[in-house]
Amino acid sequence: MTFTEKDLIIPQDKLKAGTTHWQSPSNIAIIKYWGKHGVQLPRNPSMSFTLQNALTETKLSYKPKEEPTAGIELDFLFEDAPNEAFRSKLVTYLDSLLPFYPFLEQLSLKIQTVNSFPHSAGIASSASSMSALALCLCSIEDDFFGTLGDDTMFDRKASFLARLGSGSAARSIFGGAAVWGQTDLVAGSSDEYAVSIEDQLHPIFKSLHDDILIVSSEEKAVSSRAGHRLMDKNPYAPTRYAQAHERLSALLPALKNGDIEKFGEIAENEALTLHGLMMTSNPSYLLMEPKTIAMIQAIRIYRKEQNVPVYFTLDAGPNVHLLYPEEYISDVRGFVHSELANLLDEGTYIPDFVGEGPEEV
Ligand code: PMV
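The rules behind these values
Residues numbered from 1 in each chain as written. Predicted model: local features only at pLDDT ≥ 70, side-chain atom pairs only at ≥ 80, totals over all residues. Heavy atoms only, no water. Phe/Tyr/Trp six-rings, centres within 6.5 Å; stacked < 30°, edge-to-face > 60°. Helix = DSSP H or I, 4+ residues; strand = E, 2+ residues; numbered from the N terminus. Buried < 20%, exposed > 50% of the residue type's maximum accessible area, 1.4 Å probe, protein only. Lys NZ or Arg CZ within 6 Å of the ring centre and 35° of its normal. Near = heavy atom within 4 Å. Polar contact = N/O pair within 3.5 Å; in protein donor to acceptor, adjacent residues only side chain to side chain. Areas by Shrake-Rupley, 256 points an atom, 1.4 Å probe, with all protein chains shown as cover. Domains from an automatic or database assignment. Contact = heavy atoms within 4.5 Å. Buried area = accessible area lost by both parts, 1.4 Å probe. Salt bridge = Lys/Arg side-chain N within 4 Å of Asp/Glu carboxyl O.

1. Quick word on the packing of aromatic side chains
For step 1, the next point in the chain: Scanning the entire structure with this criterion turns up 13 aromatic pairs.
For step 2, the next point in the chain: Taking 6.0 Å as the distance between ring centres and 65° as the angle between the ring planes, the aromatic pair formed by Phe-49 and Phe-263 counts as edge-to-face. Here the residue Phe-49 occupies a position in strand β4 (residues 46-64), and Phe-263 occupies one in helix α7 (residues 260-279), the gap between them amounting to 214 residues. In this pair, the class of Phe-49 matches that of Phe-263, namely buried.
For step 3, the next point in the chain: Between Phe-144 and Phe-145, the ring centres sit 6.3 Å apart and the planes meet at 55°, which makes this aromatic pair tilted.
For step 4, the next point in the chain: Relative accessible area serves as the criterion here: at 23%, Phe-145 is assigned to the partly exposed category.
For step 5, the next point in the chain: Positioned above the aromatic ring of Phe-144 is the side chain of Lys-16, whose terminal nitrogen or guanidinium carbon lies 5.4 Å from the ring centre.

2. Details of the site of the ligand
For step 1, the next point in the chain: Looking at the ligand, there are 13 residues lining it, with Tyr-33, Ser-168, Arg-171, Ser-224 and Asp-315 nearest.
For step 2, the next point in the chain: Contact distances for the ligand include 2.8 Å between an oxygen atom and a side-chain N or O atom of Arg-171.
For step 3, the next point in the chain: For the ligand, whose unbound accessible area comes to 380 Å², protein coverage reaches 91%.
For step 4, the next point in the chain: Counting residues domain by domain, the shell around the ligand receives three or more from each of domain 1 (12-202) and domain 2 (207-350).

3. Concerning the domain arrangement of the protein chain
For step 1, the next point in the chain: Partitioning the protein chain into domains gives domain 1 (12-202) and domain 2 (207-350).
For step 2, the next point in the chain: Opposite the 29 residues of domain 1 that make contact, domain 2 presents 40 residues.
For step 3, the next point in the chain: Between domain 1 and domain 2, the buried area comes to about 3,000 Å², and carbon and sulfur atoms account for 73% of it.
For step 4, the next point in the chain: Summed over the three residues of domain 1 that lose the most area to domain 2, namely Ile-30, Lys-32 and Trp-34, the buried surface amounts to 27% of that side.
For step 5, the next point in the chain: Our count for the contact surface shared by domain 1 and domain 2 stands at 0 salt bridges.
For step 6, the next point in the chain: Counting across the interface, domain 1 meets domain 2 through 6 residue pairs in polar contact (both at pLDDT 80 or more).
For step 7, the next point in the chain: With 4 residues, strand β1 (residues 18-31) is the single largest residue contributor to the side of domain 1 that touches domain 2.

4. Points about the pattern of salt bridges
Pairs can form between side chains of opposite charge once their charged atoms are near each other.
For step 1, the next point in the chain: All chains considered together, the criterion is met by 10 salt bridges.
For step 2, the next point in the chain: A salt bridge links Glu-270 to Arg-240, with the nearest nitrogen and oxygen atoms 2.7 Å apart. One end of the pair, Glu-270, is in helix α7; the other, Arg-240, is in helix α6 (residues 237-257), with 30 residues separating them in the sequence. Taken individually, Glu-270 and Arg-240 each receive the classification buried, so the pair is uniform in this respect.
For step 3, the next point in the chain: Of the charged contacts in the structure, one is a salt bridge between Glu-268 and Arg-300, with a shortest N-O distance of 3.2 Å.

Written as structure tokens, this is what we have:
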């Protein structure tokens, strides 16, 4: 599927104003996407759970341009205030979509967006924000052209457009869990968009918790764009890409069978691999903090001593995602309060869990 089959230009007499409004969640990768080529094409397949609470709400209003002009016309408000840095990134993104969406040049656009999580919590918002915007764009396409009536087509196109903005955003379109990147292990998988694997999850994973333990809420030391680029010269890259395939092939049966131990082993190895890759890149980045390591050690001791299946993963930063089945919530929360509270930045953690995916507002 190329998504360029149709010449999407709105006939002059059909031009009109309208609004679309979506909320879309962030996701947490278990098999990490790290290393890309082309326009956000992944070097290996990745798998993530879609979250429920950490989300972006985006309202996209459009009206016919007063004068026909070349390029994107965009007014932008982030949390009710203008933000030129974000606006200009979005103009670049929307411009890059013109080969697929020439009609965007016919419209004057206004984007209003808010996040449910604190801006400074150190949670990457690109997955939720780019997926919310991509869904709004698909609603406009469907409204004017009726080309995406079928849900599968709609989600696939939204995932494709989200990917062009931020790779990992491709996975947020789907509730439960998704795989992005071509693999023989998942029917219909593609480098161009993600596919749902929700129907391949054992119930234990459909309600898995992810408490995000905030170690530091500072901006990331390295952007993911720069991080991906470092993989091009990382001497371990080929081995890593092969390993991601192997781990996915061990993970999928564990997800199906409810094998939480195998799942946890893979999740933790992947997190440490991601950080190991950053440490062994040139320049090298050490994104864990002493408190990250203290938490990891405490989690491993607690798991062993109390026999509670709680595991961690990490994103490209110091914060720790605590993953555990719903039935252990009171044990794990007790552990967080008694043993991890002093390691948390201002005592903050953000409770989240596997969610149902984006919703039209
Ligand atoms: O989507 P990007 O370009 O921000 O890359 C995200 C990469 C990781 O979050 C580190 C891993 C992943 O697969 O989400």
